[in-house]
Structure formats: structure tokens, C-alpha cells
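# Overview (structure and organization)
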Amino acid sequence: MQIYNAPLRDMRFALNELHQDDGFGDLPGHEEFTPDLVDAVLEEAARLCQDVLLPINRSGDEEGCHWAKNPDGTTAVRTPQGFKEAYDQFVGNGWNALVLPPEWGGQGMPEAVGKLVEEMICATNVSFSLYPGLTNGAIYALNSYASDALKAAYLPKMASGEWSGSMCLTEAHCGTDLGLLRTKADPVGDGSFKVNGAKIFISAGEHDLTSNIIHLVLARLPDAPAGVKGISLFLVPKFLPDSADNPGARNGVSCTAIEHKMGIKASATCQMLFEDSVGWLVGEPHRGLEAMFTMMNAERVGVGIQGLGIGEAAYQSAVWYAKDRLQSRSLSGAKFPDKAADPIIVHPDVRRMLMTMRAYNEGCRGLAVWVARALDAEKHGGDEETRAKAKDFVALMTPVVKALFTDLGLESASLAVQTYGGHGFIRESGVEQYMRDARIAMIYEGTNGIQALDLVGRKLGANMGRLLRTFFHPVSAFIEENKGDGPMKPMIDALEKAFGALQLSTATIAQRGLKDPEEAGAAASDYLRLMGLVGMGYCFAKATKIAGFRLFFGTEDKAFYEAKIKTATFFFERILPQAGGHFLAIKAGKGSMMALDAEAF
Amino acid sequence: MEIDIPHGLGRDEAKRRIEVGLPKLAAHIPGGGALKVEWTGDYALALSISAMGQTIPVTLEIGDTRLSGTVGIPVFLRMMAGQVGEFVKNSAAKMLDKP
């Protein structure tokens, strides 16, 4: 059964307690977002997600997006039953514009709050999350690169949710390597362009939720150089706005097919055809990839949050089943002798699965809020130094958040299926949907392998390691500050060991990668996971310290802080030791990975 | 954060009780922490309570009828400033209560 109650207590902890000393708080202009106000927002979001989005998650998966006949005999893409009503309620209450700038009709809430709301949305209905998610990504790109005229014409209606957005990158022959794309844009002479080409895998490319869809399309100008340096970005609306900025004439954009997918079936993933469609250049000619990456980078953190959301929903659904399902007796003697068997939560291996999921979720949430606070500080920090530091930290951690969270989200979904046993493999249980829905997040917005290459190839060495220092410095300072014989010694020792492995791995990659880039490529995925483990370990160690102080000074929420310490202890004893394995894999180098000739496969 | 505890002990007796009580306070600091005490005047002292990487500076001024002072809250403990302040206040009150 799909169970979800927003983990508001842990969200408040991550938001209000865990990162008070990170230097990214107390932002000018954010004074009005008091803990009480934020609490109210989170509670209201939880209600919406639990009451509106969760009930249409399974039915949306079963029905999927499909073609339906219009009254005039034409066909159109339809979202599953209930999605249009849910979307109207969602945008009607302003949830789509929670973190958008007030100048475009948004509420300007901190990203740190927005990411927690996103987690709830993704936990309850990740398919639904893509419609407003893509729109917000398009808004970021337009806000950063579009002309004032385009902004004025499109942003207000996109920010209100009346119009949605899509990002059109992939073509049948090119996904990761966008330098190969063939879609063309020819200038008409009046400032507009005719865009021609075909795109695939376009999320929210066509649907019935909004009256217009604004596509951001990567295409080549006639004089474009080959490769990625010849790609420009164009705004192509489904309907051309009329003189009153309402949807007017139909543009030459059409959906030619709905992709048949493994998961996120209620998200309309489309094949799109652009035939002499009217578009406008966004940003500079041939610099479209830069603009698209503005959108993509924002999306990558959001995709990581999808993994976290699904991981939390999978965990809660597994906990419900583990308490309900009676099978066998506890190894330490019957716990419920009056029943035919004990609930499976008594069994150590079931506990292993539940604790693993729980630790992943709490660890990722801690990291997510840290990065989200930096997203806020990057925009609103009170001085240039804070903004620059936050920007570096976000750049470094974006691939980690994307890949780590989505890997762990799938693992949690798989553990939830395992907890259910045979019933987990049956659709009615609801948990197999989490596995199918989680899988795409490891692929889109740059596969997790690409994220690892981004981290190792671009971020590690950038500015002589300046980005890396935004992560290394707080971790090493925390270890130094807390060394000693106190109750945290086992945790600090374990964190120090894992951090040492990360430092050694960094040096190894830097040394070998300079001579042989394949060595860096071979180490990339292990390195990203190692950094993620250290990041989660840092968050858990801080959480334990705070919990320890809370318990000592007195708290009304003893159970929460005691549980936090127990979960952290599990993380340090049962998960963080994996850091050593990743270090050994990195140390081994590319040899065995590349040894076989291609013909031998 | 400021603290202010009224008492009817007189300055010298209050000072004596605090001197006796401070070693006991040290034993109650979480996580194998430490307490540093520096008398900055005949009736004024500066405490430094360190535990799990955090240091809480406290100043106390012993008067005839009141014990007053300040508690510095490190950023890490900002969310529990109220409880930290209460801890210091209660600890001081306990020292004054014990003959």
C-alpha cells in the first residue's frame, strides 16, 4: 500500500537546526520567512500532497497519459483522470510559484523550503511533479537569458501556471552528446525564426493541463559551427500569443507519439515535431547550451529530490507492511504469542532494510537542505564572498545530489519491494511503482555516470580546487572540533577515516587523471558515492551532536532526538564503512575495467 | 542572553556557595566536556563551558541580593538558546541553594 505522511519533524530539524552554522543563513530579504510561517507552509503542502496528489498516484500509473478524441474529431494527449483538477488546485493555491521571484508573480520563498515541498510532491506523485518542475526550469532559463520583451510576454503566465514549459534537447540520435543535434532554426527577418526538427523524450511536451505550452528548443542556426558551440536556444510556443497575450494561432508544433515508458506513466513524455514553427532566440546565438544548462542545473537538484521523495514514500510503505505482515517468530522468542506469528518488523533482516532506507532518507534530506540553503545564499547572500562561496558549493554538490539521491531512491524502492516479499512484485501492493518511477531519475537530466564525470572532470579541479574546499573545509573543521574522548568518538573516528579516504582518492584522481583521463573516468562513480557518503556522515554527526545537546538541555521531543542518534549510529556502523570499498576501487584504477578487448564482450 | 537570579545570602555566602558548587557543575557537562573558571574580580567570574566542540562563555557578577550575568550562545546552539540559558540559570540557582 502506498503510505505517506510528510516527515515534517525531520524536515523542520534539517531546516531549522542542522545547518545553523553553515554561513548560508540570515539572508537579507528572508527575515519574513519565520519558522512559524515556514511551518504553516510545510503543513499545508503536506495536506495537499497527501490528500490530492497521493490518491491519483496509482490510478495515474495504471491509466497513464494517452490519446483521446476531442469533440471536433481531432486527437489530443490526455493526462490521467484527476490530474487536471489536481493541477488547477495546485496552481490556484500558488504552489507552482512558491520560490519564484515576486516580480513574476511568485512568492519568493527560500529554496530550502521549496525543496522540502518538492520532496513531498515527489513522494506522493512524481509524475505530477514534472509538469510544474519543467515550467520552473524554463522560467529560470528565460529569466536569466531572454530579452525583456520575451520575459514580459511569457513569464507572468508561466509563473501563474496558466502556461507550462518544456525543455526540448534530445533527438533520436543524440542525448548525452548534444553536439550532434540536427534541429535547425532559420531567421525569417522580422526577429523570429523558423524551427524545424524532431525531438524525443520530451517531458510535458504535450498535455491537457494548461492552455499553452512554451517549449525551449535547442537548434542550430544556418551559420552554426559544428558541435556544442553551434547550438542556440529558442522559445517556441504551442500557440502564438495574440495581441492580448492570449493563446492565438496554432504554431507548427505537434506531438507525434507518447513514449511507452517503464515508469512515470502519468507524465506525458512525448515525441515532438517542429515544422516551420515560429520561435525566438533566447540569449546569444550559439550559446544555447549555456542557457539550457541554467535550466538543467536547477533541474538536476530537483531530480535528486525526486529520488529522496520516492525513497521516503517507499520507506513509509515498507514500515506499514512490516508492522502489519505476520510471518514467523522473532529469533529471540515470540513477541506476540497471542497471534499466529510475529509482525516481520521483529526480524533483523527486515530491520536492516528499514534502517537502511531510513538512514538514506535522513542523510539525503540533511544534504539537500544544506545545498538548498546555498542556493538561497547564492542569490541573496549579504556580501559577495558569501554569494561566491555558495555558488561554488552548489556547483560542486549538484552532481552529488542528483546521482547519489536517485541511486539511493531506487535502492530504497527495491528494499521496499523486498520487504513486501512476493506481494511487492504484485502491482496492487503499490511499491513496485516506486521502483519503476525511481528508475528514470538516474537517467534524465544527465545520466548518473555523466554526473560523476562532471564532478571529477569539471568540478574537482575547477579554480585550483576552490569548489572542493567549500565541502572539505567544514567537514575537516568539524572533525577537528569534535575529536576527543567524548561520546561521539566512534562517529568522529569513522567520519575522519571516510574523509581521509576521500582526500586520498582526490589526490589519486588528480595525479592519475592528469596523465590519463580514462583513470579519472574509471574512478568517477566511486568517487561521487564516496563524497556522498562523507556528506551524509557529516550531516549525521552534526545531527547527533545537536540531538545530544537537546537531550542534555531538555526537550519535549526526546523520542525524535533519541531516534536521530540511533539512526545516525546505524549509518556510521552499517553504511559508512562502504567508503573504504569505494576508496579501494578508486585505488585499483582502470586496469581491470578496461582490460578486455571490445571484441571479447 | 542575560540571567538574573535573586538571593538573600549576601555577597560572601553566595560567593562561597558558587565556589563549592562549580566542581559539581563540571561533572554534569555533557560529552566529557570541560569547565574553565576565571575570577575576574573579587565577586566576578568568567566561565567557559566546553562540550562536544562548542564553547559557551558565561560571565557572572555576584551581588548582595542578586546573581546576574550573561550567557553567550554559539551559532551551532542558537536554536536551543532558551534551553542553554535555562541550564546555566538552573545550575547557578542550584549552587546558591546548597549550603
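Whatever comes next refers back to the structure up there.
Below, the structure is looked at part by part. (Residues numbered from 1 in each chain as written. Chains lettered and ligands numbered in written order. Predicted model: local features only at pLDDT ≥ 70, side-chain atom pairs only at ≥ 80, totals over all residues. Heavy atoms only, no water.)

For the rest of this paragraph, the subject is the overall build of chain B. When helices and strands are tallied, chain B shows two helices and five strands. Seen in sequence order, chain B has helices and strands lined up from the N terminus as β-α-β-β-β-β-α. Radius of gyration (C-alpha) of chain B: 13 Å, near the 13 Å computed for a compact globule of 99 residues. In terms of overall dimensions, chain B has C-alpha extents of about 35 × 25 × 25 Å along its principal axes. Within chain B, the fraction of its 99 residues that count as buried is 42%. By sequence separation, contacts in chain B at least 24 residues apart represent 47% of the contacts at least 6 residues apart. (Helix = DSSP H or I, 4+ residues; strand = E, 2+ residues; numbered from the N terminus. Rg over C-alpha atoms; globule rule 2.2 N^0.38 Å. Buried < 20%, exposed > 50% of the residue type's maximum accessible area, 1.4 Å probe, protein only. Contact = heavy atoms within 4.5 Å.)

With that out of the way, let us pick up the overall build of chain A. Secondary structure summary: chain A contains 17 helices and eleven strands in total. Expressed as lengths along the three principal axes of its C-alpha atoms, the size of chain A is roughly 75 × 60 × 60 Å. A buried classification covers 58% of the 601 residues belonging to chain A. Contacts in chain A between residues far apart in sequence, at least 24 positions, make up 74% of those at least 6 positions apart. If you sum the accessible surface of chain A, you get close to 23,900 Å²; carbon and sulfur atoms cover 55% of it. (Areas by Shrake-Rupley, 256 points an atom, 1.4 Å probe, with all protein chains shown as cover.)

Attention now goes to the interface of chain B and chain A. Contact residues are listed per partner, giving 19 residues for chain B and 19 residues for chain A. For the chain B and chain A pair, buried surface summed over both sides reaches about 1,800 Å², with 71% attributable to carbon and sulfur atoms. For the chain B face of the interface with chain A, the top three residues by lost area are Met52, Phe76 and Met79 of chain B, together amounting to 39%. Counting every contact that joins chain B to chain A gives one salt bridge. Asp26 of chain A is the salt-bridge partner of Arg78 of chain B, the closest N and O atoms lying 3.2 Å from each other. Counting across the chain B and chain A interface gives five residue pairs in polar contact (both at pLDDT 80 or more). (Buried area = accessible area lost by both parts, 1.4 Å probe. Salt bridge = Lys/Arg side-chain N within 4 Å of Asp/Glu carboxyl O. Polar contact = N/O pair within 3.5 Å; in protein donor to acceptor, adjacent residues only side chain to side chain.)

Right, let's get into the sheet that holds strand β1 (residues 2-6) of chain B. Residues and elements named next belong to chain B. An order of β1-β5-β4-β3-β2 is seen for the five strands of this open sheet, with the pairing classed as antiparallel. Edge positions in the sheet fall to β1 and β2 (34-41), since each has one partner strand and no second. When strand polarity is set aside, the average angle formed by the axes of neighbouring strands in this sheet is 20 degrees. Examined bridge by bridge, β2 and strand β3 (residues 44-51) share seven bridges and lie antiparallel to one another. (Pairing = 2+ DSSP bridges. Axes fitted to C-alpha atoms, helices over the stretch in contact; angles between N-to-C directions.)

Right, let's talk about the pattern of salt bridges for a bit. Residues and elements named next belong to chain A. Summed over the entire model, instances satisfying the criterion amount to 43 salt bridges over all chains. The partner of Arg365 in a salt bridge is Glu119, and the shortest N-O contact between them spans 2.7 Å. Taken together, the residues span a long stretch of sequence, with Arg365 in helix α8 (residues 348-380) and Glu119 in helix α5 (residues 111-145) at a distance of 246 residues. The exposure classification of Arg365 matches that of Glu119, with both residues buried. A salt bridge links Arg352 to Asp349, with the shortest nitrogen-to-oxygen separation between them at 2.6 Å. Taken together, the residues span about one helical turn, with Arg352 and Asp349 both in helix α8 at a distance of three residues.

All names here are of chain A. Between its terminal C-alpha atoms α5 stretches only 21 Å, short of the 51 Å expected from 35 residues at 1.5 Å a residue. Most pronounced at Asn125, the bend in α5 amounts to some 130 degrees. Burial within α5 is extensive, with 29 of its 35 residues counted as buried. (Expected span 1.5 Å × (residues − 1). Bend = angle between axes of the 7 residues up to and from the residue.)

Scanning the entire structure with this criterion turns up 23 aromatic pairs over all chains. Note on Phe571 of chain A and Phe572 of chain A: the rings are 5.7 Å apart at their centroids and 90 degrees apart in plane angle, and the pair reads as edge-to-face. No difference in accessibility class separates Phe571 of chain A from Phe572 of chain A, as the two residues are buried. Ring-pair connections join several aromatic residues into one group, and the members of that group are Phe24, Trp370, Phe393, Phe471, Phe472, Phe478, Phe499 and Tyr538 of chain A. Stacked on the ring of Trp39 of chain B, the Lys or Arg Lys15 of chain B has its end atom at 5.0 Å from the ring centre. (Phe/Tyr/Trp six-rings, centres within 6.5 Å; stacked < 30°, edge-to-face > 60°. Lys NZ or Arg CZ within 6 Å of the ring centre and 35° of its normal.)

Residue pairs spaced three or four apart in an α-helix point in one direction, given the helix's 3.6 residues per turn. Residues and elements named next belong to chain A. For helix α2 (residues 35-53), built from 19 residues, the straight-helix expectation of 27 Å at 1.5 Å per residue is met to within 8% by its first-to-last C-alpha distance of 25 Å. Looking at α2, one finds that the buried residues are Val38, Val41, Leu42, Ala45, Ala46, Leu48, Cys49, Val52 and Leu53. On the buried face of α2, the contacting elements are α1 (8-18), α3 (57-63), α4 (83-92) and α5.

The next point concerns the environment of His380 of chain A. Here His380 of chain A lies in helix α8. The spacing of His380 of chain A and Pro110 of chain A is 270 residues in sequence and 9.6 Å in space, taken between C-alpha atoms.

What follows is about the packing of α5 of chain A against helix α7 (residues 288-324) of chain A. Residues and elements named next belong to chain A. It is at 8 Å that the axes of α5 and α7 come closest, and there the two elements cross at 175 degrees. Considering their axes alone, α5 and α7 lie roughly antiparallel with respect to each other. For the contact of α5 with α7, the class distribution of residues is 17 nonpolar, eight polar and six charged. (Parallel < 35°, antiparallel > 145°, perpendicular 65-115°, else oblique. Nonpolar A, V, L, I, M, F, W, Y, C, P; charged D, E, K, R; others polar.)

Bringing the nonpolar core into the picture now. Residues and elements named next belong to chain A. Core analysis: the biggest nonpolar cluster contains 124 residues, and Leu42, Met120, Leu216, Leu218 and Leu354 have the highest contact counts within it. Here this core takes 17 residues from α5, the largest share from any one element. Excluding anything up to four places from it in sequence, Leu218 contacts Cys168, Leu169, Leu178, Leu181, Thr183, Lys199, Ile231, Ser232, Leu233, Gly288, Leu289 and Met292. Within the second largest apolar cluster, 108 residues are counted, among which are Ala403, Leu404, Leu530 and Val534. (Core = buried A, V, L, I, M, F, W, Y, C linked by side-chain atoms within 4.5 Å.)

This next bit is on the pairing of β1 of chain B. Residue and element names in this part refer to chain B. Going residue by residue along β1, you find Ile3 and Ile5 tucked away on one face and Glu2, Asp4 and Pro6 left uncovered on the opposite face. Here five bridges tie β1 to strand β5 (residues 66-71), and the two strands are oriented antiparallel to one another. Bridge pairing in β5 places Pro6 opposite Arg66.

Residues and elements named next belong to chain A. The phi dihedral of Ala204 is positive, around 60 degrees, even though this residue is not glycine. Relative to the assigned elements, Ala204 resides in the loop between β5 (193-203) and β6 (212-219). Here Ala204 falls in the buried class, since its relative accessible area comes to 1%. Notably, Met464 is not glycine yet its phi reads approximately 55 degrees, a positive angle. When you line up the elements, Met464 lands in the loop between α11 (448-459) and α12 (466-482).

All names here are of chain A. Across the interface, α11 lies against helix α14 (residues 517-553) with an axial gap of 8 Å and an inter-helix angle of 95 degrees. The angle between the axes of α11 and α14 places the two elements in the roughly perpendicular class. Across from Gln451, Ala452, Leu453, Leu455 and Val456 in α11, the residues of α14 making contact are Ala520, Gly521, Ala524, Ser525, Tyr527, Leu528 and Met531. Considered class by class, the residues forming the contact of α11 with α14 number nine nonpolar, three polar and no charged.

With that settled, consider the side chain of His582 of chain A. All names here are of chain A. For His582, the position within the fold is in helix α16 (residues 578-588). Exposure remark for His582: the relative accessible area of 16% places this residue in the buried category. For His582, the residues in contact, after removing those within four places along its chain, are Asp526, Arg529, Leu530 and Leu533.

Before going further, it helps to spend a moment on the side chain of Arg300 of chain A. Among the structural elements, Arg300 of chain A can be located in helix α7. For Arg300 of chain A, the contacting residues outside a window of four places in its chain are Phe293, Thr398, Lys402, Glu445, Gly446, Ile450, Gln451 and Asp454 of chain A.

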